[in-house]
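Structure at a glance
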Amino acid sequence: HNADKGEFKHYMLKEIYEQPDAVARTIEMALDNGETTKLRDDFLQRHETLLSGIHHVQVIACGTSYHAGMVAKYWFESLIRIPCSVEVASEFRYRNPVVVDNTLVICISQSGETADTLSALRDIQKQAPAGLVSLALCNVPTSSLVRETDIFLPTLAGPEIGVASTKAFTTQLVALILLILKVGVTQKRMTDEHLNTLLSELHQLPGQLYASLNLDAPIKTMSESFEDKKSCLFLGRGLQFPIALEGALKLKEISYIHAEGYAAGELKHGPLALVDKDMPIVVLAPKDSMFDKLKANMQEVHARHGELFVFASEASQMVAEDRLHLVYVPDVCETLAPIVYSVPVQLLSYHVAVMRGTDVDQPRNLAKSVTVE
Ligand code: G6P
């Protein structure tokens, strides 16, 4: 059956390697081969009326799916200027939240069966604000979540077996950017030129993901430095902040090393106190609009004898030095960079976990799908 591990030692590694194909399939939902002037006519066509009326977005999700939602918030607001809130379902459902009229509620869930996410959705539906539209971004077409929402936007990741989510996450990000483009076009919130640029960048994405898998060997070498570590920080800014959170989540889930993701600008408000020579600090550092700020953050850490493990683009002109280890990630535009930078953090966690001899696909105390509270 197609969920066989094949030549791979673990499902997680197989699923990491499936990402270029899974992402290409997901892109094809909205984009014809080579087409850069428009989205496919049939992409979410039935739902255009619903999507044309929404003024706010509320994302609800758990775990890795929540991190995808955080990236979507940056995209919704910066690309098409629609306000977007994101919250973990287990908090949202118990605080009697306000959902304003004309909200698009996006529930992101690989399984579509996560109890907290489903309950949060049902609570909003009970509250029934005017113009409410609900959307399931989900990898399982037959799930409860898909049945209970107005719009189903699939991730075409194929079955994901490893408890730590990988290809479901990157395909969620792709589906979210496609949705944002669709809303942007439908509501005329995006110029043709901007659309063309993003579409041609999307066409390059599977190739960039494929190239990022070539980092496997250098990342495996890097991972040796983590084997005996107790705690680790992941830093990013802007669109890379959610990827820092996701990197930390992956590392703790499968290697059992304590890890925290931080927005690098918050370092000085706490985590800097933890930094010493035993503290590895992973930094997501594409050459984007935040790079110079991030570089200053790296210097703060370096000056306090922290050991830096940096994923950067060659264009950053960073060079390895004492206590600064560097892996170059393939060039990618700023908007789509969080998708490509997900791969090195997945590979790093994977190799650290294998070295520490944990059960990579079935980490202790965790379940693939949390269907009870
Ligand atoms: C569990 C899984 C995670 C997943 C989360 C949300 O904690 O171990 O990998 O991100 O549930 O699951 P969902 O199916 O709703 O995306």
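Quick note: structure is the one above.
Residues numbered from 1 in each chain as written. Predicted model: local features only at pLDDT ≥ 70, side-chain atom pairs only at ≥ 80, totals over all residues.

Some words on the sheet that holds strand β1 (residues 56-61)
The five strands are arranged β2-β1-β3-β4-β5 in an open sheet whose pairing can be described as parallel. Two strands lie at the open edges of the sheet, namely β2 (84-88) and β5 (151-154), each paired on one side alone. Between one strand axis and the next, the sheet turns through 20° on average, direction left out of account. Pairing analysis gives six bridges linking β1 to strand β3 (residues 103-109), with the strands arranged parallel. Within the sheet, the bridge partner assigned to glutamine 58 lies in β3 and is valine 105. Where helix α8 (residues 167-186) meets the sheet, it contacts β3, β4 (133-138) and β5, and its direction lies at approximately 145° from that of β4. (Pairing = 2+ DSSP bridges. Helix = DSSP H or I, 4+ residues; strand = E, 2+ residues; numbered from the N terminus. Axes fitted to C-alpha atoms, helices over the stretch in contact; angles between N-to-C directions. Contact = placed C-beta atoms within 7 Å.)

Considerations on the sheet that holds strand β9 (residues 307-312)
Pairing is parallel across the open sheet formed by five strands, whose spatial order is β7-β6-β8-β9-β10. Two strands in the sheet have a free side with no partner beyond their single neighbour: β7 (258-263) and β10 (324-328). Sheet twist, expressed as the mean angle between neighbouring strand axes with direction ignored, is 20°. Note: strand β6 (residues 231-236) against β7, six bridges, orientation parallel. Within β7, the residue paired with glycine 236 across the bridge is alanine 263. Seen against the sheet, helix α11 (residues 241-255) touches β6, β7 and β8 (280-285) and runs at an angle of roughly 175° to β7.

By themselves, these are just geometric observations and shouldn't be taken as functional.
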